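Report on the structure
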Amino acid sequence: MKTTFLDFEQPIAELEAKIESLRFAQDDSAIDISEEIGRLDVKSQSLTKDIYAKLTPWQIAQVARHPQRPYTLDYIAHLFTDFEEMHGDRSYADDRAIVGGLARFNGQSVMVLGHQKGRDTKEKILRNFGMPRPEGYRKALRLMRLAEKFGIPVFTFVDTPGAYPGIDAEERGQSEAIGRNLLVMAELKVPLICTVIGEGGSGGALAIAVGDVLLMLQYATYSVISPEGCASILWKSQEKAGEAADAMAITATRLKTLGLIDRIVNEPLGGAHRDPRVMASALKKALQDALRMVTELSAAELVERRFERLMSYGKFKEQRVG
Amino acid sequence: MSWLQKLLPPKIKRAEGAHKSIPEGLWCKCPACESVLYSSDLEANQGVCPKCGHHHRLRARPRLDLLLDPEGRFEIGAEVIPVDALKFKDSKRYPDRLVAAQADTDESDALVVMQGAIKTLPLVIACFEFEFMGGSMGSVVGERFVRGVNCAIESQLPFVCITASGGARMQEGLFSLMQMAKTTAAVSLLAKHQLPFITLLTDPTMGGVSASFAFVGDVVIAEPGALIGFAGPRVIEQTVRETLPEGFQRAEFLLEKGAIDMIVDRRELRDKLASLLCLLQRLPALHA
């Protein structure tokens, strides 16, 4: 598949186009230009390295939303075997914006679930752009409780612009669905390992991201409101999304420094979509480490440790009250 | 300018201009029925319009004064105060916004927690201050909530939370999002100790507060006409590109959709809470 380049990647795009045309010319040319192609390849690599070394938070947000970025089902296919997708919340519908089911991770039974975005227009609509309705969160909840019943660890993958802000979603209790998940995840008696693989959009992301280990891919973002949303409220202009992205600390590096995530999983040069296979194997290793960290804990220790973690969130100071 | 406004001394005019929940002027206008009311009448009626029953927004402390018995109250978590962890700056620096909000409201953050009693029934109660940065939930709100829950557990008391919030506090970034997880996890402790948790949702209760502990109460009560929801009406309108139905996201709509247990008139709230607390704790009924 041809790589789609983002605005700030245009220099790379131009170089890659040149390489492509040379390759094409090479096929029906007697002169050997492979050396020239090789030289340009190296140049393209170092250009990519330069650009990616200096990404702004807003540019990282673009990478996190890249149309070719691997989604939950892509990772499931690479990391797990025997995936048995399960559907529905047993009350209303099957929300395709969240996928989940039983699977094997290195042979071990696990539950996997995550937000799912669509690739083409038809699938985007089917998946509602990765924005779940209450039934999506209730399906996730049902699968987590099922995992708990059989002592099966849970892996979640976060990639959503946010919970769906629609009339139907409100009517069926979007708030309750998210809040209920937060409550149940806080005391689930099996390991919960959460990874932000793309966009971690607010409460809609958090609703499947309360766990024992929180990982983030290098160019994923996690924020309380989208940079555009924040900009339109605080700067009164969506144009200021870049400044909002900067101010809110939405990148993996900043969040790691602030102690809000446990580990950053490095992406291949140019982002996960440039080499999904390499990305998947790096993530697999990180997930193995994460699971090993919590697998020896008893259910009581696990829940207590998670609770302490949750209680530690927040920055404030204490003063004497007079 | 109307003849009435011309007659008013300048001081009253100014007070009228300031959009406080209950204006401090002599008169105020009910936004629902447009009746001109004496502020003192409105206050005597607990901020409920005597003409149409519209529930005006109430500040946190007056609300607690209305609900709690005067004796034996003390505040919890006032020692916890906000910091600017992200060095956040939009058109204003976050510390400047905090200072301005503190000066405007006389509160140090958007949640007031107290231990006290309702009709002699002891409890811990937390109340959002909407006037403080839209009642937004940041680290201080989360921590005070948790300290309140801990006090309730230590003394084996029920916990009541009155919400009025626009959602998470953007200026605290992901720390504020995590307060949703923190507060809701604390609620699970109350359940473990079989202590009642009641939420009262008042106008407005949106976003991160609505989508965390608000709807996981053992009993979920709303005030009449309160706007309650996950996404704000404007965001929904922009997303679905249609006009929202009349009364959408109002307490009455939520009751009809099965999202809340009951709507309670503010003037009956003290009796209602006392009755519910007795029932949940298997205590004998209070005599009127």
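Everything discussed here concerns the structure shown above.
Treat the numbers as computed from the prediction; the structure is a model and nothing was measured. (Residues numbered from 1 in each chain as written. Chains lettered and ligands numbered in written order. Predicted model: local features only at pLDDT ≥ 70, side-chain atom pairs only at ≥ 80, totals over all residues. Heavy atoms only, no water.)

Section: the overall build of chain A
Secondary structure assignment for chain A yields 14 helices and nine strands. Here chain A has a C-alpha radius of gyration of 21 Å; the compact-globule value for 322 residues is 20 Å, and the two agree. C-alpha extents for chain A along the principal axes are approximately 75 × 55 × 40 Å. Relative to its 322 residues, chain A shows a buried fraction of 55%. Nonlocal contacts in chain A, meaning residues at least 24 apart in sequence, comprise 71% of its contacts between residues at least 6 apart. When the accessible area of chain A is evaluated, it comes to approximately 14200 Å², of which 51% is carbon and sulfur surface. (Helix = DSSP H or I, 4+ residues; strand = E, 2+ residues; numbered from the N terminus. Rg over C-alpha atoms; globule rule 2.2 N^0.38 Å. Buried < 20%, exposed > 50% of the residue type's maximum accessible area, 1.4 Å probe, protein only. Contact = heavy atoms within 4.5 Å. Areas by Shrake-Rupley, 256 points an atom, 1.4 Å probe, with all protein chains shown as cover.)

Some points on the state of the cysteines
All names here are of chain B. Throughout the structure, instances matching the rule amount to zero disulfides over all chains. The closest cysteine sulfur to the non-disulfide-bonded Cys 28 is located on Cys 30, 8.0 Å from its own sulfur. Free of any disulfide, Cys 52 has its nearest cysteine sulfur in Cys 33, 3.6 Å distant. Judged by its relative accessible area of 39%, Cys 52 falls in the partly exposed class. (Disulfide = S-S within 2.5 Å.)

Observations regarding the pattern of salt bridges
Residue and element names in this part refer to chain B. Counted according to the given criterion, the structure contains 44 salt bridges over all chains. Residues Arg 73 and Asp 65 are paired through a salt bridge, measuring 2.8 Å at the closest nitrogen-oxygen approach. The partly exposed category is assigned to Asp 65, whose relative accessible area is 46%. Note that Asp 265 and Arg 267 form a salt bridge whose closest N and O atoms lie 2.9 Å from each other. You can call Asp 265 buried: its relative accessible area is 19%. Residue Arg 267 is classed as partly exposed on the basis of its relative accessible area of 38%. (Salt bridge = Lys/Arg side-chain N within 4 Å of Asp/Glu carboxyl O.)

Focus: the packing of helix H14 (residues 299-312) of chain A against helix H7 (residues 173-192) of chain B
Interhelical geometry of H14(A) versus H7(B) gives an angle of 135° and a closest axis separation of 8 Å. The angle between H14(A) and H7(B) places the two elements in the oblique class. Handedness of the crossing formed by H14(A) with H7(B): left-handed. The residues of H7(B) that touch H14(A), namely those facing Phe307(A), Leu310(A) and Met311(A), are Ala181(B), Lys182(B), Ala185(B), Ala186(B), Ser188(B) and Leu189(B). Grouping the constituent residues of the contact of H14(A) with H7(B) by class yields seven nonpolar, one polar and one charged. (Axes fitted to C-alpha atoms, helices over the stretch in contact; angles between N-to-C directions. Parallel < 35°, antiparallel > 145°, perpendicular 65-115°, else oblique. Left-handed = near helix turned anticlockwise from the far one by under 90°. Nonpolar A, V, L, I, M, F, W, Y, C, P; charged D, E, K, R; others polar.)

Some words on the interface of chain A and chain B
Facing the 48 residues of chain A at the interface are 56 residues of chain B. Interface area, chain A with chain B, both sides summed: about 4600 Å², of which 75% is carbon and sulfur. One can count three salt bridges joining chain A with chain B. Salt-bridge contacts for Lys192(B) lead to Glu187(A); the nearest nitrogen and oxygen are separated by 3.6 Å. The tally of links between chain A and chain B comes to 13 residue pairs in polar contact (both at pLDDT 80 or more). When residues in the side of chain A that touches chain B are grouped by element, the largest group, nine residues, is from helix H8 (residues 174-186) of chain A. Of the residues in the side of chain A that touches chain B, the class split is 30 nonpolar, nine polar and nine charged. As paired strands, strand S9 (residues 316-318) of chain A and strand S4 (residues 80-82) of chain B are joined by three bridges and run antiparallel to one another. Each bridged residue has a counterpart across the sheet, and for Phe316(A) the counterpart in S4(B) is Pro82(B). (Buried area = accessible area lost by both parts, 1.4 Å probe. Polar contact = N/O pair within 3.5 Å; in protein donor to acceptor, adjacent residues only side chain to side chain. Pairing = 2+ DSSP bridges.)

Overview of the nonpolar core
The nonpolar side chains of a soluble globular protein tend to be buried, and buried together. Formed by 145 residues in total, the largest nonpolar core has its most connected members in Phe80(A), Phe155(A), Tyr222(A), Phe159(B) and Phe213(B). With eleven residues, H7(B) is the largest single contributor of residues to this core. Apart from the residues within four sequence positions on either side, Phe213(B) is in contact with Phe128(B), Met137(B), Phe145(B), Cys161(B), Thr163(B), Thr183(B), Thr184(B), Val187(B), Phe197(B) and Thr199(B). Counting residues in hydrophobic clusters, the runner-up holds 24 residues, among them Leu68(B), Val264(B), Leu273(B) and Cys278(B). (Core = buried A, V, L, I, M, F, W, Y, C linked by side-chain atoms within 4.5 Å.)

Some words on the pairing of strand S8 (residues 197-206) of chain B
Residues and elements named next belong to chain B. Counting buried positions along S8 gives nine out of ten residues, so the element sits mostly inside the fold. The pairing of strand S7 (residues 159-165) with S8 spans six bridges and is classified as parallel. Counted as the bridge partner of Phe 159 is Phe 197 from S8. Once you follow S7 into H7 and on to S8, the crossover reads as right-handed. Examined bridge by bridge, S8 and strand S9 (residues 219-222) share four bridges and lie parallel to one another. Looking at the pairing, Leu 201 lines up with Ala 222 of S9. Here two bridges tie S8 to strand S10 (residues 228-229), and the two strands are oriented parallel to one another. (Right-handed = clockwise from strand over helix to strand, strands pointing away.)

Some words on the packing of aromatic side chains
Residues and elements named next belong to chain A. Across all of its chains, the model carries 14 aromatic pairs over all chains by this definition. Centre to centre, the rings of Phe 80 and Phe 157 are 6.2 Å apart; their planes meet at 75°, and the pair counts as edge-to-face. In this pair, Phe 80 sits in the loop between helix H4 (72-79) and strand S1 (81-85) while Phe 157 sits in strand S4 (residues 154-160), placing the two residues 77 residues apart along the sequence. Exposure remark for Phe 80: the relative accessible area of 5% places this residue in the buried category. Given a relative accessible area of 0%, Phe 157 falls into the buried group. The side chain of Arg 119 reaches across the aromatic face of Tyr 71, ending 3.8 Å from its centre. (Phe/Tyr/Trp six-rings, centres within 6.5 Å; stacked < 30°, edge-to-face > 60°. Lys NZ or Arg CZ within 6 Å of the ring centre and 35° of its normal.)

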